[in-house]
Number of protein chains: 2
Amino acid sequence: MIDDYIVKMSDELWAKAIPHISVDSVVFGFFENQLKVLLVRMAKTKQWLLPGGYVFKNENTDAAAQRVLKERTGLDNIYLQEFGVFGNINRSEGYFDEYDDQLWHKQRFISIGYYALVDYSRVVLAVDSYSDTCQWRSIDEMPELAMDHQSIFDAALTVLRQQLSYKPIGMNLLPARFTISELQKLYETILGRTLNRGNFYRRIMRFDVLIKHEDQRKGGAHKSPNLYSFDPVKYHQSLQGIDW
Amino acid sequence: MIDDYIVKMSDELWAKAIPHISVDSVVFGFFENQLKVLLVRMAKTKQWLLPGGYVFKNENTDAAAQRVLKERTGLDNIYLQEFGVFGNINRSEGYFDEYDDQLWHKQRFISIGYYALVDYSRVVLAVDSYSDTCQWRSIDEMPELAMDHQSIFDAALTVLRQQLSYKPIGMNLLPARFTISELQKLYETILGRTLNRGNFYRRIMRFDVLIKHEDQRKGGAHKSPNLYSFDPVKYHQSLQGIDW
């Protein structure tokens with residue numbers, strides 16, 4: 001049945017999409033102190049992939065990436081950043097070997113990689129007709145990914161880690177108000193290691209992007225920590241880098 | 001004659017290249033205290049463009065960008081960085097209107113943008129059969145660029161300026177030994193404005209990527225300034241960003 005669907009879609013795609021180009025997205029969310037990534041499982045092969053799709057003939061590439069993710073997450077206007085092109089000739093070698101050469105999916109595809117930072121709590125996951133599962137996975141408990149999707153994921157995580165080193169991060173990943181230790185936990189999760197608390201505090205304060213609030217997080221065993229939020233103007237200035 | 005050539009190439013390109021994908025490169029060089037960019041002028045239309053080309057069916061995308069630039073500059077292993085995809089539907093609208101719809105060049109192309117930092121003195125410029133001129137132009141004296149190539153250039157310059165704010169730059173643009181004021185001039189040229197000398201010195205020293213040499217630049221009217229070079233290990237560490 002899924003075979004029939006793939007063949008049927010092939011004709012439709014030749015008619016409406018641009019051959020040889022795909023978009024694949026690494027969608028990050030943060031939940032219960034874990035960095036999560038959105039993965040889909042193919043109904044036929046049971047292989048895991050990043051969510052992706054094709055570019056329609058009358059569609060800009062960025063719009064295609066937004067459309068594909070809206071279908072998976074229900075979200076509009078996702079913060080999506082193109083971060084790399086994956087254009088090696090053998091990147092999906094063997095994946096559709098058993099099909100006819102005229103199958104749309106069997107072409108050589110050059111994939112445009114996007115990463116997204118989304119508010120985990122707002123996402124409503126949905127499968128498409130190729131997949132039987134769409135789910136969040138912790139980045140340290142990921143299944144094996146098919147084709148070159150592990151490389152695409154690794155490249156996105158590298159970009160995110162580099163971005164941490166010179167730009168603030170968190171505006172799309174944390175709730176509106178958070179404690180410094182929640183922010184530190186986000187950084188630790190992305191970097192994959194623990195950080196010294198004092199150093200972290202000093203470095204974060206140097207970005208000068210936080211607003212401290214009067215109210216405190218209640219209910220902990222220890223002294224109630226202060227709540228902070230990002231100053232949106234300073235945050236966006238800081239994204240531009242230092243001013244020489 | 002150029003018309004005949006374009007039509008002849010069209011058949012060849014349908015046979016050997018991947019439709020809908022192009023590569024365009026913003027090649028920066030530094031000479032006589034000016035930031036230069038490599039431009040080509042089309043023989044037929046006399047319009048200026050960034051150097052670009054297509055991706056062969058058996059070729060990785062990065063290799064295609066290297067090949068295209070080697071043809072223009074004679075250089076191998078250029079420092080090339082993919083920095084953006086230009087995939088709007090109307091980006092080359094009107095450019096090949098007078099030709100048959102089957103013409104290769106008239107397709108919708110999604111272009112992969114690369115930027116390169118090259119040693120100006122090593123470049124040997126060459127035209128291809130579409131172009132009658134290939135030359136360096138100062139970035140403040142550029143001709144009008146056709147299609148969306150001004151946007152591609154602007155995006156590359158923005159990336160270069162952002163990179164300046166958190167990474168060292170200069171290793172591929174300056175001679176092996178240089179004075180601090182030559183380095184400052186490079187930064188000023190990229191940023192398009194003058195910088196305070198003391199601030200610049202302090203910020204550059206904070207990157208901790210320079211080696212100071214005993215010998216000095218001779219021949220100036222003033223006190224001979226010290227020569228510096230980049231410490232390659234520290235330079236590359238610094239490119240990775242700060243270590244949390």
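Predicted model, so just to flag it, every value in this text is computed and none were measured. (Residues numbered from 1 in each chain as written. Chains lettered and ligands numbered in written order. Predicted model: local features only at pLDDT ≥ 70, side-chain atom pairs only at ≥ 80, totals over all residues. Heavy atoms only, no water.)

Peer 1: When you look at the relation of the copies chain A and chain B in this model, what are you seeing that I'm missing?
Peer 2: Each of the two chain copies can be brought onto the other by rotation about an axis and movement along it. Least-squares fitting of chain A to chain B yields an RMSD of 0.0 Å, with the superposition described by an axial translation of 0.0 Å and a rotation of 180°. What the superposition gives is, in effect, a two-fold axis relating one chain to the other. Identified as the residue of chain A closest to the rotation axis by C-alpha distance is Y166 of chain A, at 3.0 Å. The residues that chain A uses at the interface reappear at the interface of chain B in 100% of cases, marking a shared surface. (Least-squares fit on C-alpha atoms with pLDDT ≥ 70 in both. Contact = heavy atoms within 4.5 Å.)

Peer 1: Help me understand the packing of helix α4 (residues 180–191) of chain B against helix α5 (residues 197–207) of chain B in this model?
Peer 2: Angle between the axes and distance between the axes: these two values describe a pair of packed helices. Residues and elements named next belong to chain B. At a minimum axis separation of 11 Å, α4 and α5 run at an interaxial angle of 95°. Relative to α5, the element α4 is oriented roughly perpendicular. Mapping the contact onto sequence places I180, L183, Q184 and Y187 in α4 and R197, F200, Y201, I204 and M205 in α5. Within the contact of α4 with α5, the residues separate by chemical class into 7 nonpolar, 1 polar and 1 charged. (Axes fitted to C-alpha atoms, helices over the stretch in contact; angles between N-to-C directions. Helix = DSSP H or I, 4+ residues; strand = E, 2+ residues; numbered from the N terminus. Parallel < 35°, antiparallel > 145°, perpendicular 65-115°, else oblique. Nonpolar A, V, L, I, M, F, W, Y, C, P; charged D, E, K, R; others polar.)

Peer 1: What exactly am I supposed to notice about the interface of chain A and chain B here?
Peer 2: Interface size is commonly expressed as the accessible area that is lost once the parts come together. With 38 residues of chain A at the contact, the number on the chain B side is 38 residues. Taking both partners together, chain A and chain B bury about 3200 Å²; carbon and sulfur atoms supply 60% of that area. Applying the counting criterion to the chain A and chain B interface returns 0 salt bridges. The interface formed by chain A and chain B holds 14 residue pairs in polar contact (both at pLDDT 80 or more) in total. Counting only elements with at least two residues in the side of chain A that touches chain B, the list comes to β1 (17–31), β4 (52–56), β5 (80–86), β6 (110–117), α3 (149–166), α4 (180–191) and α5 (197–207) of chain A. Looking at the side of chain A that touches chain B residue by residue, the classes come out as 20 nonpolar, 11 polar and 7 charged. (Buried area = accessible area lost by both parts, 1.4 Å probe. Salt bridge = Lys/Arg side-chain N within 4 Å of Asp/Glu carboxyl O. Polar contact = N/O pair within 3.5 Å; in protein donor to acceptor, adjacent residues only side chain to side chain.)

Peer 1: Would you mind showing me how to read unusual backbone geometry here?
Peer 2: Excluding glycine, a negative phi dihedral is what most residues carry, and trans is how most peptide bonds are arranged. Residue and element names in this part refer to chain B. Unlike most non-glycine residues, N33 shows phi in positive territory, near 60°. Looking at the element boundaries, N33 is found in the loop between β1 (17–31) and β2 (34–42). The class of N33 is partly exposed, set by a relative accessible area of 40%. (Buried < 20%, exposed > 50% of the residue type's maximum accessible area, 1.4 Å probe, protein only.)

Peer 1: Would you take a moment to explain the packing of aromatic side chains for this structure?
Peer 2: To describe a pair of aromatic rings, you give the distance between the ring centres and the angle between the ring planes. The final tally for this structure, using the stated rule, is 30 aromatic pairs over all chains. Geometrically, the ring pair formed by F230 of chain A and Y235 of chain A is edge-to-face, given 4.8 Å between the ring centres and 65° between the ring planes. A residue is classified by how much of its surface remains accessible, and F230 of chain A, at 11% relative accessible area, is buried. Three or more aromatic residues joined by ring pairs make a cluster, and in this case those are W14, Y54, W104 and F109 of chain A. The ring of W48 of chain A has R137 of chain A sitting right over it, with the charged end atom 5.2 Å from the ring centre. In this structure, R67 of chain B is placed above the aromatic ring of F56 of chain B, and the distance from its NZ or CZ to the ring centre is 3.7 Å. (Phe/Tyr/Trp six-rings, centres within 6.5 Å; stacked < 30°, edge-to-face > 60°. Lys NZ or Arg CZ within 6 Å of the ring centre and 35° of its normal.)

Peer 1: Would you take a moment to explain the packing of helix α3 (residues 149–164) of chain B against α4 of chain B for this structure?
Peer 2: Residues and elements named next belong to chain B. Two elements in contact, α3 and α4, have axes whose closest approach is 9 Å; the angle formed by their N-to-C orientations is 135°. Here α3 lies oblique to α4, going by the angle between them. Read as a crossing pair, α3 and α4 show a hand that is left-handed. For the pair α3 and α4, contact is made by L157, L160, R161 and L164 and by Y187, I190 and L191, respectively. (Left-handed = near helix turned anticlockwise from the far one by under 90°.)

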